[in-house]
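Chain and residue survey
The lines below spell out each chain.
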Amino acid sequence: MKRLTLALFTLGLVTVVVTCLVAARQPPKTAAERTPALAARAAVALDMSPPLGAMAQFIPDKSVVIHHAVESPPERQGAMEGPGTGLGTTPPIPPAARGGPGAARAGDRATRVGGPPPIPPPPPAPEIDAAGAAVEQTTQGRRAAIEPVASFDGLGEGFTSQEFPSAGIAADANRSRGGGGHGGIDISLAVGPDHIFEILDGNMAVFTKKGKKYDATGKLLYGAVPNNTVFAGFGVRCGVSHNSDSVVRYDQLANRWLIVVPVFARPPDNPQGPYAMCYAVSATYDPLGPYYRYEFQRTLFPDYPRPAIWPDGYYNPTSTSDNLLPDVITQKHDCIADRNQMLKGLPATEQCVVIDGGVFMLNTDLDGKRLPPAGAPNIMMSTGGTQLMKIFEDDGIYFYKVHVDWSDASKTSVSPPQKIAVAPYHYLCDGQLSSCVSQPGTDRRLDSQGDKLIQRLVYRNFGDHESILAEHSVATAAHGGGVRWYEFRLNKQRDPVLYQQATYAPGGSYRWLGSMAMDRKGDIGIGYSYGGDPNYPGQRFAARMAKDPKGQLTFHESVLAEGQASQKGSLRWEDYTNIIVDPSDDCTFWFVGNYLKSGAASSTTRIGSFVLRQCQ
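Everything quoted here is computed from the prediction, not taken from an experiment. (Residues numbered from 1 in each chain as written. Predicted model: local features only at pLDDT ≥ 70, side-chain atom pairs only at ≥ 80, totals over all residues. Heavy atoms only, no water.)

All right, on to the pattern of salt bridges then. Counted by the stated rule, this structure contains 20 salt bridges. Across the pair D365 and R249 runs a salt bridge, and its minimum N-O distance is 3.5 Å. Taken as a pair, D365 in strand β19 (residues 361–366) and R249 in strand β11 (residues 247–251) lie far apart in primary sequence, 116 residues in all. Note on accessibility: D365 and R249 belong to one class, buried. With its nearest N and O atoms 3.7 Å apart, the salt bridge here joins E562 to R540. Of the two residues, E562 is situated in the loop between β33 (558–561) and β34 (578–581) and R540 in strand β32 (residues 535–544); the sequence distance between them amounts to 22 residues. Taken together, the salt bridges that share partners define one network made up of R249, D365, D367 and R456. (Salt bridge = Lys/Arg side-chain N within 4 Å of Asp/Glu carboxyl O. Helix = DSSP H or I, 4+ residues; strand = E, 2+ residues; numbered from the N terminus. Buried < 20%, exposed > 50% of the residue type's maximum accessible area, 1.4 Å probe, protein only.)

To continue, consider the state of the cysteines. Enumeration according to the criterion identifies 4 disulfides in this entry. Between the sulfur atoms of C335 and its disulfide partner C352 the distance amounts to 2.0 Å. Its S-S torsion of about 110 degrees marks the bond between C335 and C352 as right-handed, since a negative value means left-handed. You can see C335 sitting in strand β17 (residues 329–337) and its partner C352 sitting in strand β18 (residues 350–356), a full 17 residues away along the chain. Using a relative accessible area of 7% as the deciding quantity, one classes C352 as buried. Here C587 pairs with C615 through a disulfide, and the sulfurs are 1.9 Å apart. Residues C587 and C615 are joined by a disulfide whose S-S torsion is about -75 degrees; by sign, that bridge is left-handed. Remark: C615 occurs in the segment after β36 (604–610) and C587 occurs in the loop between β34 and β35 (589–595); sequence separation between them is 28 residues. Sequential numbering of the bridged cysteines in the protein gives the disulfide pattern 1-2, 3-4, 5-6, 7-8. (Disulfide = S-S within 2.5 Å.)

Read across the open sheet, the 4 strands follow the order β7-β8-β9-β10; overall the sheet is antiparallel. In this open sheet, the two edge strands, each paired with only one partner strand, are β7 (187–191) and β10 (220–226). With direction set aside, neighbouring strand axes in the sheet form an average angle of 10 degrees. Bridging between strand β8 (residues 195–200) and strand β9 (residues 203–208) involves 6 bridges; their strand directions are antiparallel. (Pairing = 2+ DSSP bridges. Axes fitted to C-alpha atoms, helices over the stretch in contact; angles between N-to-C directions.)

A word on the packing of aromatic side chains. Aromatic ring pairs are described here by two measures, namely the spacing of the ring centres and the angle between the planes. Considering all chains together, one arrives at 19 aromatic pairs under this definition. For the pair Y279 and F296, a centre-to-centre distance of 5.8 Å together with 70 degrees between the ring planes defines the contact as edge-to-face. One end of the pair, Y279, is in strand β13 (residues 275–282); the other, F296, is in strand β14 (residues 291–298), with 17 residues separating them in the sequence. Each member of the pair Y279 and F296 is classed as buried. Ring plane angle 35 degrees and centroid distance 6.5 Å describe the contact between W512 and W573, whose orientation is recorded as tilted. On the criterion of sequence distance, the pair formed by W512 in strand β30 (residues 510–518) and W573 in the loop between β33 and β34 is long-range, its members being 61 residues apart. With a relative accessible area of 0%, W512 lands in the buried category. Here the aromatic residues F152, F159 and F207 are joined through ring pairs into a cluster of three or more. Here the basic side chain of R143 rests over the ring of F555, its NZ or CZ set 5.2 Å away from the ring centre. (Phe/Tyr/Trp six-rings, centres within 6.5 Å; stacked < 30°, edge-to-face > 60°. Lys NZ or Arg CZ within 6 Å of the ring centre and 35° of its normal.)

Take the environment of A79 next. Counting through the fold element by element, A79 comes out in the loop between β3 (74–75) and β4 (81–82). Residue class for A79 comes out partly exposed when judged on its relative accessible area of 45%. Considered as a pair, A79 and R293 are 214 residues apart in the sequence and their alpha carbons are 8.1 Å apart. Those residues in contact with A79, other than ones at most four positions away along the chain, are G233, F234 and R293. (Contact = heavy atoms within 4.5 Å.)

By size, the foremost hydrophobic cluster in this structure holds 38 residues, and its most contacted members are I355, M381, I397, Y400, V414, I468 and F488. Elements that contribute at least two residues to this core include exactly β18, β19, β20 (378–383), β21 (393–403), β23 (418–426), β26 (457–461), β27 (466–475) and β28 (481–490). The element that contributes the greatest number of residues to this core is β21, accounting for 5 residues. I199, F234, W257 and Y291 belong to the second largest nonpolar core, which has 25 residues in total. (Core = buried A, V, L, I, M, F, W, Y, C linked by side-chain atoms within 4.5 Å.)

One can find G88 in the loop between β4 and α1 (130–133). Measuring from C-alpha to C-alpha, the distance between G88 and P287 comes to 8.0 Å, with 199 residues separating the pair along the chain.

Chain-level statistics for the protein give a pLDDT mean of 85 and a share of 82% at 70 or above. Every residue in residues 97–112 is under pLDDT 50, and counting partners more than four places away or in other chains gives 35 contacts. Per-residue pLDDT stays below 50 along residues 165–181; that stretch engages in 36 contacts with residues further than four places along the chain or on separate chains. (pLDDT = per-residue confidence, 0-100.)

Here Q455 lies in the loop between β25 (442–446) and β26. Overall, the relative accessible area of 2% leaves Q455 in the buried class. Apart from residues lying up to four places away in sequence, Q455 is in contact with I187, R249, R306, L362, E471, G514, S515, Y576, T577 and N578.

So this is what it looks like as structure tokens:
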């Protein structure tokens, strides 16, 4: 995710009154072009539009502007099915400069001309009011800690093994990853019936999972190879871009793998041309087999993709800019790729809706095989506040309803944001890319990414109710950091309603960058980074059973990875951790996050699993 750049110029706010705004959009050039005409939003089955007065906004005196969906132009270069005879037989492509020509992002530059920048002081710790402090869980659960079922090191510092049949000797695909002393930032994990698939920044690897096919977990099958290996022979964009911010998901509804790789560089022959988003969908359940590949052009910068699986599409929210833009301020977009066509390897389309004035969003990602009602819109959520405007506090979580129409893009719609009242919160350390979590033996503090919901936004249908899980990192009354988590349930209008909430913050210190999921029994597992001087940064997890008292993680926290050193080269820690539920039993939680080994300059990922025995 690219660096947040705070404004160095005076921003003139222009008041724009928008009731329900969806208008066709071309790349913005003038203020007038950024203010489209009013249009009515078509009614959607199972989607009740809110009253106009309920529309929320995140920037003072500026309403959220939702534009018409537009189709992303497809690019077809090379065989749609590839790479070669399958990913597992494809050697890595020697990587170009990280991200391709001209694609370096400011947040990934660890050094500057004249040496590294000075270490900034941490933001002052806010005082948490009584309502925010009241939902803090300050003691650990009384149930015994859950022992990991499996635990092994994944990609990161010290990972040098590579296996790709018939490839011979290749250069280390991990070289220069995380240069300058910061470890892996963009971590993604997916688990299928027999395989564990990890992506870390610009590289991917596949490991065994104990079960019917393999007798052990964590044996390397393939990797590490650059992410563009899956797009080998597929044009000059997807086929050569060695980008971070790549994500892997397992589509358990279809037993397929989804890999998403953004392209942050413009075309080599067109410095004003479009960016792109690359999708690869496996043709079978085997992650090392062939993939159907797609490239869609993006006029706007496609930063920080967080794809989610929904029956009618692959929903992929991204950020256009972290900079203050005149008249727009913030700009995000939600794109949907035609899942049903892509699963068949047929020509497919992607539709994108640009949203001006919103903040980082997540779409609901389906767990389990019980589908939502036919035609149900996908729910998209965000925190409140706006870091760019120095608004670090809020007392709401905000939701949109997204409906896609594959026969007529003009009928695709995103509802205005609505507020769900929650306990007040303050972004941990005032948001992203701030000097936050203390470490032993160094003045260097780690980033918290406290301004946003952290993936995934989990949806699960239990038949008698439908739940959505969300979480983010917040400041605590003890002047540390905690994981604020929520369970929402959908009402008859398919509006999410708060069911339970809490901030997990026992014993002070810092718990941050969490990820949560729910097993088929309704039990919740949460993994998160843990640290704060005198503790080295590492990874822990906690859990609760479905019928436990609301707002309580009742199991004592467990350690997945005990930190052994401080990260001194960069404040960048993780943009997110990942926790998912194993589709084989719909009970086992798999979690991945960073830690540093003794004497290491940058981090290694640790992959582990745990299960609440009551689920089985």
